[in-house]
Amino acid sequence: MKAQHLKSKPISEDTNYQVEQLIQQLDNVKHIADSDFWISTDEIRILLSLDDSFVERLNKKVASQIQDYRFSWRNFECILVDRQFGKGFWAIRKKLDVLLNTNNNSAQIPAYLPVIQDPKPSTTSESILLKIPPDEDVIPSPYALIDDFLSPSQLNDLLRYSISKQPEFIPTTNSAADPNYRRSFYLMHFPEFSELMVKLIRKITPQIITHLAINNFEIGQIESQMTAHNHGNYYKIHNDSGSPDSATRVLTYVYYYYREPKPFTGGELVIYDSKIENGYSVAADSRKVIQPTNNTIIFFPSHCMHEVLPVSCPSEYFADSRFTINGWVRHT
């Protein structure tokens, strides 16, 4: 009996045409993503060959005024960025990562800037907006949140690294030299991750200052420190630009990370609105309470008054701490 050999099915002209059309479509989508063009819902329907039922869903999202809506298409993300003349406009971003070499290993840095979230209403668990009767003299303090700031592998590597550095953490201090004003531990030298964080912050700062309506400035030094809050630790109300050596700080950032399941409670960040009294900016009664959410980063103006509420960590193990990488963007 003769052996039978299976032959590959020849590719038809129709199949060739379909492949060529797909390649052309992917090239067109990549071009839009690389160019940072915004396109309308009708245009994105044509570009992505979306069916009518899905486009109808998109139009309903546009009409609903929902914030931060997006959908995925292959390795791209389509983000609703604006509404003009009753139409929705979309930005397309690539989901791919590029490699950034660090001293000890290769870490990934997003090839696109994450979408910044507006402050969330009080119905969410991530942040709580505490409102009081409106006061014309109150100046709201803006902030921006970004979820999933680091990749899962970066987050895991960072957490293991932080725990391994426990002997090098030292007690924090404050400009008032009051030991009861701030209690936590910090690490100043961690180049394996500070370089990655500074690079990410520098890349996204122009988008942040636009989002927060901060006057444009020339970015200077970006500071970074690693902090651990364990049982009973806190930081009373303060701002980050109130002394001569911190006067050039414009933007504060705090990146949260910790072991799962979350081994502590408390440690919320409270950002106060401002008001002017006797020519000075002081904290108002209204404030936002931000929950420390794993792999999330928050940005806010450095002049805003804020505090860290006490942490409750029953185990008191260092590895169970509320970890942050926090720092400041200075102007030149």
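Here is a short report on the structure shown in this document.

## Notes on the nonpolar core
In step 1: By size, the foremost hydrophobic cluster in this structure holds 37 residues, and its most contacted members are Phe-149, Ile-201, Met-226, Tyr-255, Tyr-257, Phe-299 and Ile-325.
In step 2: Contacts of Ile-201, omitting those with residues within four sequence positions, involve Phe-149, Ile-222, Tyr-253, Ile-297, Phe-299 and Val-329.

## Remarks on the side chain of Thr-227
In step 1: By the element assignment, Thr-227 lies in strand S13 (residues 225–229).
In step 2: Residue classification places Thr-227 among the buried residues on the basis of a relative accessible area of 2%.
In step 3: Side chain to side chain, Thr-227 and Asn-326 meet in a polar contact 2.8 Å long.
In step 4: Setting aside its immediate chain neighbours within four residues, Thr-227 contacts Phe-169, Ser-184, Phe-185, Tyr-186, Arg-322, Phe-323, Thr-324 and Asn-326.

## Section: the pattern of salt bridges
In step 1: Applying the stated rule across the entire model yields eleven salt bridges.
In step 2: A salt bridge links Glu-223 to Arg-249, with the shortest nitrogen-to-oxygen separation between them at 3.1 Å. With Glu-223 in the loop between strand S12 (219–222) and S13 and Arg-249 in strand S15 (residues 249–257), this residue pair connects regions lying 26 residues apart in the sequence. Across the pair, Arg-249 and Glu-223 agree in class, each one buried.
In step 3: Salt bridges sharing partners connect three or more residues here, namely Lys-30, Asp-34 and Lys-94.

Parameters and conventions
Residues numbered from 1 in each chain as written. Predicted model: local features only at pLDDT ≥ 70, side-chain atom pairs only at ≥ 80, totals over all residues. Heavy atoms only, no water. Core = buried A, V, L, I, M, F, W, Y, C linked by side-chain atoms within 4.5 Å. Buried < 20%, exposed > 50% of the residue type's maximum accessible area, 1.4 Å probe, protein only. Contact = heavy atoms within 4.5 Å. Helix = DSSP H or I, 4+ residues; strand = E, 2+ residues; numbered from the N terminus. Polar contact = N/O pair within 3.5 Å; in protein donor to acceptor, adjacent residues only side chain to side chain. Salt bridge = Lys/Arg side-chain N within 4 Å of Asp/Glu carboxyl O.

Interpretation note: all reported values are geometric properties and have no functional meaning in isolation.
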